[in-house]
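Given next are the chains, with one letter for each unit.
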Amino acid sequence: MNDQATPLSTRSLFHFAFHVTDLMEARRFYGDVLGCTEGRSTDTWVDFDFFSHQISLHLGEPFKTSRTGRVGDHLVPMPHFGLVLLLPEWKALAARLQAAGVEFVLPPQVRFEGQPGEQWTMFFCDPFGNPIEVKGFASLEAVYAA
């Protein structure tokens, strides 16, 4: 096998399934606040299009997290999930979350300014304590800049 990573010829979708304690509250947050489109569901789970990726929210006890991830001068919640957006979409989402009164773990801000990998970031939790990070980049080519 080749030691170097080979880019996929087509884009793939990420799938993440995790626990929430109330599906109606999950629908409000992921649908109304984040603007995600609801997919299939049953009495015990609901799928969402999470910015072109699939998340499945199942009834159950959310995973435990703690602020142990050191990024620059901040300790961020671990584990967490999230996404990368181009900066205009990131700014629009930050404004949407601020208008909805979402409480931020780490408010919208730039980090690594002027360095390779310069990025905008924000951390917040869903109503069940699941931490989410959203990063914004001027170009997607900068995501893996060293």
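Residues numbered from 1 in each chain as written. Predicted model: local features only at pLDDT ≥ 70, side-chain atom pairs only at ≥ 80, totals over all residues. Heavy atoms only, no water.

Visitor: When you look at the pattern of salt bridges in this model, what are you seeing that I'm missing?
Guide: In a structure, side chains of opposite charge can pair up when their charged atoms sit close to one another. Following the criterion strictly, the structure yields four salt bridges and no others. Between R28 and E25 there is a salt bridge, with the nearest N and O atoms lying 3.1 Å from each other. Placement of both R28 and E25 in helix α1 (residues 23–33) is noted, with a separation of three residues, approximately one turn of the helix. When its relative accessible area of 26% is taken as the criterion, E25 is described as partly exposed. A salt bridge links E133 to R111; the nearest nitrogen and oxygen atoms lie 2.5 Å apart. Of the two residues, E133 sits in strand β10 (residues 131–137) while R111 sits in strand β8 (residues 104–111), which places them 22 residues apart along the sequence. Like R111, E133 is buried. (Salt bridge = Lys/Arg side-chain N within 4 Å of Asp/Glu carboxyl O. Helix = DSSP H or I, 4+ residues; strand = E, 2+ residues; numbered from the N terminus. Buried < 20%, exposed > 50% of the residue type's maximum accessible area, 1.4 Å probe, protein only.)

Visitor: I would appreciate a short explanation of the nonpolar core in the present structure.
Guide: Generally speaking, soluble globular proteins have nonpolar side chains that are buried together. In this structure, Y30 and F124 are the most contacted members of the largest nonpolar core, which totals 29 residues. For this core, the elements supplying multiple residues, two or more each, are β1 (15–20), α1, β3 (45–49), β4 (54–59), β7 (81–86), α2 (87–99), β9 (119–125) and β10. Every residue in contact with Y30, bar those within four places of it in the chain, is listed here: F18, G35, C36, F48, F50, I55, L57, F81, D126 and I132. (Core = buried A, V, L, I, M, F, W, Y, C linked by side-chain atoms within 4.5 Å. Contact = heavy atoms within 4.5 Å.)

Visitor: How do you make sense of the packing of aromatic side chains when you look at a structure like this?
Guide: Aromatic ring pairs are defined here through the distance separating the ring centres and the angle between the ring planes. Summed over the entire model, instances satisfying the criterion amount to 11 aromatic pairs. Consider the rings of F16 and F18, whose centres lie 5.0 Å apart with planes at 25°: the pair is stacked. Relative to F51, the ring of F50 has its centre 5.3 Å away and its plane inclined at 90°; by these criteria the two rings are edge-to-face. An aromatic cluster is built from F16, F18, F29, Y30, F48, F50, F51, F81, F104 and F124, whose rings are joined through pairwise contacts. Over the ring of W120 we find K91, and its NZ or CZ is 5.9 Å from the ring centre. (Phe/Tyr/Trp six-rings, centres within 6.5 Å; stacked < 30°, edge-to-face > 60°. Lys NZ or Arg CZ within 6 Å of the ring centre and 35° of its normal.)

Visitor: Explain the environment of V143 here, please?
Guide: With respect to the helices, strands and loops of the structure, V143 is situated in the segment after β10. Put simply, V143 and E118 are 25 residues apart on the chain and 8.4 Å apart in space, counted from C-alpha to C-alpha. In this structure V143 touches V84 and F137, once residues within four positions along its chain are discounted.

The values are spatial; any link to function lies outside them.
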